[in-house]
Amino acid sequence: MSTQDLPAAPRSLAESLRARDDASLAALLRRRPDLITPVPTDLTQLATRAGTRASVVRALERLDRFTLQTAEALAVAGDPASYEELLGLMAGDTPDEAVVAALPDAVAALREQALVWGADDRLRLVRTARELLAPSPQHPSPTGLGPSVREATAGMSPGRIQEIVAAAGLPSTHDSVSAVTALTGLFRDRARMTALLAQAPADSLDVLERLVWGPPYGQVTAAPAARLRWLLDRGLLLPTAPGTVVLPREVALHLRAGRAHRDPEPVPPAVEPAVTHRPQVVDATAAGQAYTALATVEELLKEWDEGGPAVLRAGGLSVRDLKRTAVALDVSEPVAAFWVELAYATGLIASDGEADERYAATPAYDEWRERPAAERWATLAQAWLAATRTSGVVGGRDAKERTLSALGPGLDRSAAPEVRHRVLTLLAELPEGAAPDGETVLARLRWERPLRGAQTPQQDDDLRTRLARWTLSEAELLGVTGRGALSAHGRALLTTPDEAGPGEHAVAAAAAARLLAPLLPEPLDHVLLQADLTAVAPGPLHRPLAETLGVLADVESKGGATVYRFTPASVRRALDAGRTASDLHAFLAEHSRTPVPQPLAYLIDDVARRHGHLRVGAASAYVRCDDDTVLGEILADRRAATLRLRRLAPTVLAAEADPATLLEGLRAMGYAPAAESAEGDVLITRALAHRTPPRTAPAPVPEGPPVPDTTLLTAAIRAIRAGDLASTTPRKSTDSTTLAPGELPRTSSADTLATMQAAVLTGESLWIGYVNAEGAASQRVIAPVRVEGGFVTAYDHTADEVRTFPLHRITGVAELADG
């Protein structure tokens, strides 16, 4: 093959992209989805967008540590740099086999993301990336290297440069450029540099040792010490500003044995297991915690069933309401915030939208509650995995120093879903039953995303680290892990990649539910009544039994077995709900494995005998009783003074208080009144469940544009290719002037019409400029089929379909060059 047959090296990123196949372009757009939002008109625009600062920063932030180190090395290498030069910067004089093996993949990753372009003999880092990563006084390089000799001597006088050249033992030159070149060559020559440094005083070498790994800048006085003067005279330190000197990059690389980084990290740190359990123990523990999670969410919603706490004016729960919720759930406040946010992310609670806005259960809660326990858990787990709202930041401060409250604004952290999924994936890579060492998980995440949050891996308070810690604790609370190890049902949730659609997520949730279902305890239909007016539920109860028992008794303690206590107030609550004494006796006898204790039977009968002896109605309110002696006792009681009672008849008292206040006041005095309707019937007061209007769960806030699916990628690449064809196709000269690529043709309406009509007859393709209804101009290659009524129907190569164009929107037309 002759030299003329070899493909020419690309002269720009656009030309490099133009040489890629569709699979390579698809890989680029999948890794950097912001590049097709919106779809570029051609490859030149795609290259321009790939070099913008925002896009490059986003791409750099998603590099792993070694790939980022490779980009940092290219930023301090020549432009362009050869692969051998890059390898020398990464591996040094004594190459590490791991670095040598990993470097091709790192370069390929940079090429795939269009951060590097060019062949191996001419590697070029995208200009914006070089500006971000190259060293400067304002932004030191992560490599710790300073400016080159040429950059550091840019403002130095020619005389001073010649003095440095002479002191370094080099012959004098006629100009500063050749002098700097000679000095640079000296510093890059290992043998001559070794000989030069062998002459240096020991304390001068100590100065170089302190600067070699960065930062490369130091301070000097107007009269430098002898050890500094020796270095300054020979250019081993160069002044950059009054009182400031810098170690030139070439000198530092010699002292580093050619390495750009002190510690290249080609291999990701391994996630080490801390302890290993039997998988059956892990699954059983996780299943028990999953059941506790369901019980906790149900208890939270039951607590808010009749209307929960008020919504703050700025949104969210008040600190007092969060504390009350934590007490009701018997958990700490951060854990209570997690359960509240989880129920909100699942769409089970929301604000009711009333004038006096409060939080309450949604209609979706009633549907969720009726589903099997395993399916309910899978719904919670899927919502947790996808949620961007992060309960861990509750109690912190936002950018305006406002406290972040549970259910309030400002809790979205777009990186949360990715971190959760990645942490659980790392756990899934361990042997079954292995619980990881948490610090090794954090170290791995820092290697995979070194620029996220904190800029140095030593800092432990960056966002990704905190998200990872919260993920490990929340997964245990939710029952995704057991004893720190990923459970079988938790592993099933991860079978779907991040970009999978709802259908794939539903399949994963169903698989997790199937694995969890056999591990959950079966609901019981009985309790154990005890003589101390308590009932013990040795396990989870069927919903109807639990709901009725929850009305008849108060929960005293929870755990593996729930203890209920019967009190006069709880029995009265059941009677107010429409139950009779005989109903309660029959209920307890049916569902107790032990005989109904006599004290409990007496308690029910005693409360029932007094229940309804007094009747309260609306006057504002009244009290009536067949026994006028009881009414006399009430009037004589000083505690009734606030009710403002007066006798209307021997058996009727009137009050200025409303019926509800009158009921509470009489009950506080030790009586057991019952409310009655306007017709004189006893009112049955069941707790009415308060529900919000239909609400949707909060949508996660994406970290950036979503990863495009295959269909969108195919369409986008086809449009970009066609647009590139339209912008780069050679045109015939018009009026003795050749149209440059990207320049829209300008022809008169008559010429446009005549050229279109001729192309219909000849079947030739044309290049047109077109302005759409929104005023956006574009170039298109079309093959006209028909021209009539002010419109041209043509096959549009850009869109790969037949379209109709109004002639008045065509700016001009040009014929394509032959061939």
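Predicted, not measured: the structure shown is a model, and the values here were computed from it.

**Topic: a negative patch on the surface**
Then comes step 1: A surface patch of negative charge is lined by Asp626, Asp627, Asp628 and Glu633.
Then comes step 2: Tracing the chain through its elements places Glu633 in helix α30 (residues 628–636).
Then comes step 3: Taking the relative accessible area as the measure of exposure, Glu633 reaches 46% and is therefore partly exposed.

**Side note on the pairing of strand β22 (residues 777–788)**
Then comes step 1: Across 6 bridges, the pairing between strand β21 (residues 766–771) and β22 is antiparallel. Bridged to Trp767 within β22 is Val781.
Then comes step 2: Counting the residues that bridge the hairpin from β21 to β22 gives 5 residues, and of these Gly775 lies at a positive phi of roughly 90°.
Then comes step 3: Examined bridge by bridge, β22 and strand β23 (residues 791–796) share 6 bridges and lie antiparallel to one another. Bridged to Ala783 within β23 is Tyr795.

**A few points about the sheet that holds strand β14 (residues 554–557)**
Then comes step 1: Here 4 strands make up an open sheet; going across it, the order is β12-β13-β15-β14 and the pairing antiparallel. Among the strands making up the open sheet, the edge pair consists of β12 (528–530) and β14. This sheet shows a mean twist of 30° between the axes of neighbouring strands, independent of strand direction.
Then comes step 2: Sheet topology note: the β12/strand β13 (residues 534–537) ladder contains 3 bridges and is antiparallel. Its bridge partner lying in β13, Gln530 is registered against Thr534.

**As for the environment of Thr747**
Then comes step 1: Secondary-structure assignment places Thr747 in the loop between α32 (710–728) and α33 (749–762).
Then comes step 2: For the pair Thr747 and Gly769, spaced 22 residues apart in the sequence, the C-alpha separation amounts to 9.8 Å.
Then comes step 3: Excluding residues within four positions of it along the chain, Thr747 makes contact with Thr752, Thr811, Gly812 and Val813.
Then comes step 4: Within the structure, Thr747 has its side chain in polar contact with the side chain of Thr752 (distance 2.7 Å).
Then comes step 5: In this structure the side chain of Thr747 is engaged in a polar contact, spanning 3.2 Å, whose partner is the backbone nitrogen of Val813.

**Concerning the sheet that holds strand β25 (residues 810–815)**
Then comes step 1: In space, the 5 strands of this open sheet follow the order β24-β23-β22-β21-β25, with antiparallel pairing throughout. Bordering the open sheet on either side are β24 (801–806) and β25, each of which pairs with just one other strand. The mean inter-strand angle of the sheet, taken between neighbouring strand axes irrespective of direction, is 45°.
Then comes step 2: Of the strands in this sheet, β21, β22, β23 and β25 are in contact with α33, which crosses β22 at around 65°.

**Looking at the packing of aromatic side chains**
In this description, a pair of aromatic rings is defined by centroid distance and the angle of the planes.
Then comes step 1: Counting across every chain of the model gives 4 aromatic pairs.
Then comes step 2: Arranged with centres 5.1 Å apart and planes meeting at 75°, the rings of Tyr770 and Phe805 form a pair that is edge-to-face. Of this pair, Tyr770 sits in strand β21 while Phe805 sits in strand β24, and the two are 35 residues apart along the sequence.
Then comes step 3: Taking the relative accessible area as the measure of exposure, Phe805 reaches 2% and is therefore buried.
Then comes step 4: Geometry around Trp368 places Arg376 over its ring, the cationic atom sitting 5.5 Å from the centre.

**Some details on helix α26 (residues 543–552)**
Then comes step 1: When α26 is considered as a whole, its buried residues turn out to be Leu545, Thr548, Leu549, Gly550 and Leu552.
Then comes step 2: Tucked inside the fold, the buried residues of α26 contact α16 (279–303), β15 (562–565), α27 (568–576) and α28 (581–591).

**Thoughts on unusual backbone geometry**
Then comes step 1: Cis geometry is found at the peptide bond from Thr37 to Pro38, where omega equals 0°.
Then comes step 2: For Pro38, the location among the structural elements is in the loop between α2 (22–31) and α3 (43–50).
Then comes step 3: Residues Asp79 and Pro80 are joined by a peptide bond in cis, for which omega reads 5°.
Then comes step 4: By the element assignment, Pro80 lies in the loop between α5 (65–76) and α6 (83–91).
Then comes step 5: Phi angles above zero are rare outside glycine, and Asp330 is one such case at about 60°.

Rules and cut-offs
Residues numbered from 1 in each chain as written. Predicted model: local features only at pLDDT ≥ 70, side-chain atom pairs only at ≥ 80, totals over all residues. Heavy atoms only, no water. Patch = residues over 30% accessible without salt bridge, like charges linked within 9 Å, V, L, I, M, F, W, Y side chains within 5 Å. Areas by Shrake-Rupley, 256 points an atom, 1.4 Å probe, with all protein chains shown as cover. Salt bridge = Lys/Arg side-chain N within 4 Å of Asp/Glu carboxyl O. Lys, Arg positive; Asp, Glu negative; His and termini not counted. Charge placed at Lys NZ, Arg CZ, Asp CG, Glu CD. Helix = DSSP H or I, 4+ residues; strand = E, 2+ residues; numbered from the N terminus. Buried < 20%, exposed > 50% of the residue type's maximum accessible area, 1.4 Å probe, protein only. Pairing = 2+ DSSP bridges. Axes fitted to C-alpha atoms, helices over the stretch in contact; angles between N-to-C directions. Contact = heavy atoms within 4.5 Å. Polar contact = N/O pair within 3.5 Å; in protein donor to acceptor, adjacent residues only side chain to side chain. Phe/Tyr/Trp six-rings, centres within 6.5 Å; stacked < 30°, edge-to-face > 60°. Lys NZ or Arg CZ within 6 Å of the ring centre and 35° of its normal.

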